[in-house]
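Structural features, examined
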Amino acid sequence: MNQSELALLLPLLQRLDRLLEQAASDEKQQSPLILTAEISPDSRLASVQQKFSLSQFDLDVIAIALAPELDRRYESLYAYLQNDVRSKRPSVDLALNLLCVDAIERLEKRDRFASTSPLIQEGLLSLESEQSKPTLLAQEIHLNPQLIRFLLHQPGLDPGCELCELVQSTISLEELPNDLSTPLKALIDQDWQMPVYFQGSDRALKRKAAQALAKALNCPLLIAAQATDIAYWVREAWFQNALLYVEIDSETVPALRKTRMLLSGEQPFRSAEPLGIVTLMFPMPDFTQRQQAWKKHLEEANLAIAASDLDALADRFRLTDTQIVDAIATARHVAEWKSEPINLFAAARAQSGQDMTGLARKINPVYGWDDIILSTDSKAQLEELCNQAKYRPKVYQDWDFGKRLSRGKGLNVLFSGLPGTGKTMAAEVIAQELQLDLYQIDLSQIVSKYIGETEKNLDRIFTAAANSNAILLFDEADALFGKRSEVQDSHDRYANIEIGYLLQKMEEYEGIAILTTNLRSSLDDAFVRRLRFMIDFPLPNERDRLCIWERIFPAATPRSPDVDLSAMARRFEISGANIRNIALAAAFLAASEGGVITMTHLIRATQREYQKMGKLLMDDWH
């Protein structure tokens, strides 16, 4: 503290000394001695009184509790007056004895230490005791460390501010897009005194807007990364003369007060009290904005890509401006490190996959078009599906089809067929072709017997997927998409609500959602009508089975001349997954016998596969 700041507290200490001398000499008080009567109106103590509506008595209590922070000799005086060498902090009893003339006034002033009093309610002081059930008089008075730091002009943030930072902004409102700068300027003009909620997933842009608002108000910005105790952050912001910006999660419903601050989150704000909070939307950049951002930052990085790749990056990855910058930098660094070409698609995927962690299983695609064996029509439909994803910018943007569709711009696909017929492989082929992440969700694990839980699970998945730019592969769709029953009880009604909710989320989702089912006939017609593609995966015919057999063995695998793959394809009407299992099992049988794969190994492996399927393999298989 400098000399001028110390001079503001000297009258306080001098008057406290007189009061303590009076108490120590057992002189009878004729009238209360007000400690803070001569405190300067420009002092910090006076500003605290005005901000928190404190009485003169409240300020005197603060002065008594503050004294040991200025001179430790007060601890000895307090211990002497309380007749306990351990009681170095003032108790409620001591404060009342020092500040009250008689017992009646002592009783009246007890309410200044109640939970509803400004000192306690505002968190300026706390009452503490080592006793399990202490009386009010026995409790010690402890000032809030934030208040102590403020009154003593100590620089920096309170040590409890571990997840926050104080920012002196250099960003002006003019640097923001017009649709953001205009409402922010209106807030300033109105001298708003209520919380404002920034809703959206563009965290970087929200922080930039908050910094611009703080600069316009000519104050620093206090950024808090959690909302466990809003009152704590509000006090710290006031003590720092800063604009408060708190990032909350979707589950947080903080206890708020009517004060000027900014809140930030992704979900609509929910509060138990109708505070009239203003919400300012921060939507993700649309295709045109993403396209312009990619183009701008690629030019700044001296990187040139084909126009089609630029469109694909802007269309398939819903990234913010900051994420696009990070993706370009990451792509360059990885390319330099591995001495390979720059892969912007991989860098873009890396920017957007974190939200799906814990909700679904990520599949790393390994299959391409040459690996999948399908009927001509099914493969053609897969190619059409990929082309619809590739040419979205041309159709929706250049040809203006996007203006005709308020929703349903994504690709909702149904893969139907028996297990092992290539449904998951086809999803991998699509992900490989479009260079997108693929996540597999088991719907049987999502559906809950508890009313309302299924919708919550689905909402979390689709929200995370939208931010992850992912292809969703829902397995076991029959668990939710079977024939909708007649409503006979509440569970039937909620089952239908779950289906309707899923259909709504699928229509809102702009990515690719793939559903797999073993029985297409079990699906409701109302559901089927909303799908863009329905692709059948039948069991492979003899020609396709032979093709699968011929491709299943790696070139390094030794095979006996007696292996007749044509006979295997002709005799066994099985799926591609069965063929893969048989080939692998035969390889292990041959390896354990130290030889090459023979027809005997294939037949033994086939017998095991048939046992797994609950079928009997006849001996006359030839």
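To start, this report covers the structure provided alongside it. (Residues numbered from 1 in each chain as written. Predicted model: local features only at pLDDT ≥ 70, side-chain atom pairs only at ≥ 80, totals over all residues. Heavy atoms only, no water.)

**Quick notes on the overall build of the protein chain**
What counts here: Strands are runs of DSSP state E lasting at least two residues, helices are runs of H or I lasting at least four, and both sets are numbered from the N terminus onward. By definition, residues are in contact when any of their heavy atoms lie within 4.5 Å. In these tables, accessible area is a Shrake-Rupley quantity obtained with a 1.4 Å probe, and a residue counts as shielded only by the protein chains included in the view.
What the protein chain contains, in helices and strands, is 27 helices and 14 strands. A fraction of 69% describes how many contacts in the protein chain between residues 6 or more apart in sequence connect residues 24 or more apart. Accessible surface, the protein chain as shown: approximately 32,300 Å² in total, 48% of it carbon and sulfur.

**A short note on the environment of Gln381**
Inspection of the secondary structure puts Gln381 in helix H16 (residues 376-390). Gln381 sits 152 residues away from Phe533 along the chain, and the two C-alpha atoms are 7.8 Å apart. Gln381 has contacts with Phe533, Met534 and Ile535, leaving out every residue within four places of it along the chain.

**Observations concerning H16**
Note the following rule: For a helix, the expected span equals 1.5 Å multiplied by the number of residues minus one. Only protein chains enter the area calculation, which uses a 1.4 Å probe; residues under 20% of their type maximum are buried, those over 50% are exposed, and those in between are partly exposed. Directions drawn from the helix axis to the C-beta atoms are what define this arc.
Taking 1.5 Å of rise per residue, the 15 residues of H16 would be expected to cover 21 Å, and the 21 Å separating its terminal C-alpha atoms lies within 8% of that figure. By the burial criterion, the buried members of H16 are Ser378, Gln381, Leu382, Leu385, Cys386 and Ala389. All buried residues of H16 lie within an arc of 140 degrees about the axis, which places them on one face of the element. Exposed residues on H16 whose side chains face more than 90 degrees from its buried face are Thr376 and Asp377. Structurally, H16 contributes buried residues whose contacts are with helix H13 (307-316), helix H17 (392-398), strand S10 (411-416), helix H18 (423-434), strand S13 (512-517) and strand S14 (533-536).

**Focus: the nonpolar core**
Condition: For our purposes a nonpolar core is just a set of buried Ala, Val, Leu, Ile, Met, Phe, Trp, Tyr and Cys residues, chained together by side-chain atoms within 4.5 Å.
Judged by nonpolar contacts, the single largest core of 45 residues is most densely connected at Trp294, Phe415, Ile430, Ile512 and Ile514. For this core, the element with the most residues is H18, which contributes 6 residues. If we skip the residues at most four places from it in the chain, Ile512 touches Leu385, Ala389, Leu411, Ile430, Leu434, Ala470, Ile471 and Leu472. Counting 38 residues, the second largest nonpolar core, distinct from the first, contains Val48, Ala65, Ala67 and Leu136.

**Thoughts on unusual backbone geometry**
Phi angles above zero are rare outside glycine, and Asp191 is one such case at about 50 degrees. Here Asp191 lies in the loop between helix H9 (178-189) and strand S4 (195-199). When its relative accessible area of 47% is taken as the criterion, Asp191 is described as partly exposed. One non-glycine residue, Asn241, lies in positive phi territory at about 55 degrees.

**Details of the packing of aromatic side chains**
The cut-off we apply is this: Aromatic contacts are taken between Phe, Tyr and Trp rings whose centres are within 6.5 Å, Trp giving its six-membered ring; a plane angle under 30 degrees counts as stacked, one over 60 as edge-to-face, and the others as tilted. Working rule: Lys NZ or Arg CZ, within 6 Å of ring centre, within 35 degrees of ring normal, means a charge sits over the ring.
Counted by the stated rule, this structure contains 15 aromatic pairs. In textbook terms, an aromatic cluster arises when at least three aromatic residues are bridged by ring pairs, as seen for Phe52, Phe150, Trp238 and Phe239. Sitting over the face of the ring of Trp192, Arg260 holds its NZ or CZ atom 5.2 Å from the ring centroid.

**With respect to the sheet that holds strand S3 (residues 164-167)**
Here is the rule we go by: Strands are treated as partners if at least two bridges between them are detected by DSSP. Think of each axis as a best-fit line through the C-alpha atoms, taken over the contacting stretch in the case of a helix, with angles from 0 to 180 degrees between the N-to-C directions.
If you trace the 6 strands from one edge of the open sheet to the other, you get S3-S5-S6-S7-S4-S8, paired in mixed fashion. Strands with a single pairing partner mark the edges of an open sheet, and in this sheet they are S3 and strand S8 (278-281). Adjacent strand axes in the sheet meet at a mean angle of 20 degrees, parallel and antiparallel pairs treated alike. As paired elements, S4 and S8 share 4 bridges and run parallel to each other. From the neighbouring strand, Gln199 faces S8, where its bridge partner is Met281. Contacts from H9 reach S4 and S8, with the element oriented near 160 degrees to S8. Of the strands in this sheet, S3, S4, strand S5 (221-224), strand S6 (243-247) and strand S7 (261-265) touch helix H10 (residues 203-216), which is tilted by about 170 degrees from S6.

**Details of the pattern of salt bridges**
For clarity, the threshold we go by: Criterion for a salt bridge: a side-chain nitrogen of Lys or Arg within 4 Å of a carboxyl oxygen of Asp or Glu.
For the coordinates displayed, the defined rule picks out 22 salt bridges. Residue Arg106 is joined to Asp93 by a salt bridge in which the shortest nitrogen-to-oxygen separation is 3.1 Å. With Arg106 in helix H6 (residues 103-109) and Asp93 in helix H5 (residues 92-99), the pair connects residues that are 13 residues apart, well separated along the chain. When its relative accessible area of 27% is taken as the criterion, Asp93 is described as partly exposed. Asp544 is paired through a salt bridge with Arg543; the nearest N and O atoms lie 3.5 Å apart. Judged by relative accessible area, Arg543 falls into the exposed class, the value being 58%. When salt bridges that share partners are traced, they join Glu165, Arg203, Arg207 and Glu247 into one network.

**Quick notes on the side chain of Thr421**
Keep this limit in mind: Any pair of nitrogen or oxygen atoms within 3.5 Å is treated as a polar contact; in protein, a donor-acceptor pairing is required on top of that, and neighbouring residues in sequence qualify only through side-chain atoms on both sides.
The topology assignment puts Thr421 in the loop between S10 and H18. Separated by 2.6 Å, the side chain of Thr421 and the backbone oxygen of Leu418 make a polar contact. A distance of 3.2 Å separates a polar side-chain atom of Thr421 from the backbone oxygen of Phe537.

**So, helix H4 (residues 73-81)**
Turning to H4, its buried residues are Tyr74, Glu75, Tyr78 and Ala79. When H4 is viewed along its axis, its buried side chains cluster within an angular range of 140 degrees and face the same direction. Opposite the buried face of H4, by more than 90 degrees, sit the exposed residues Arg73, Ser76 and Tyr80. Where H4 terminates, the next one or two residues include Asn83, which has phi positive at roughly 55 degrees.

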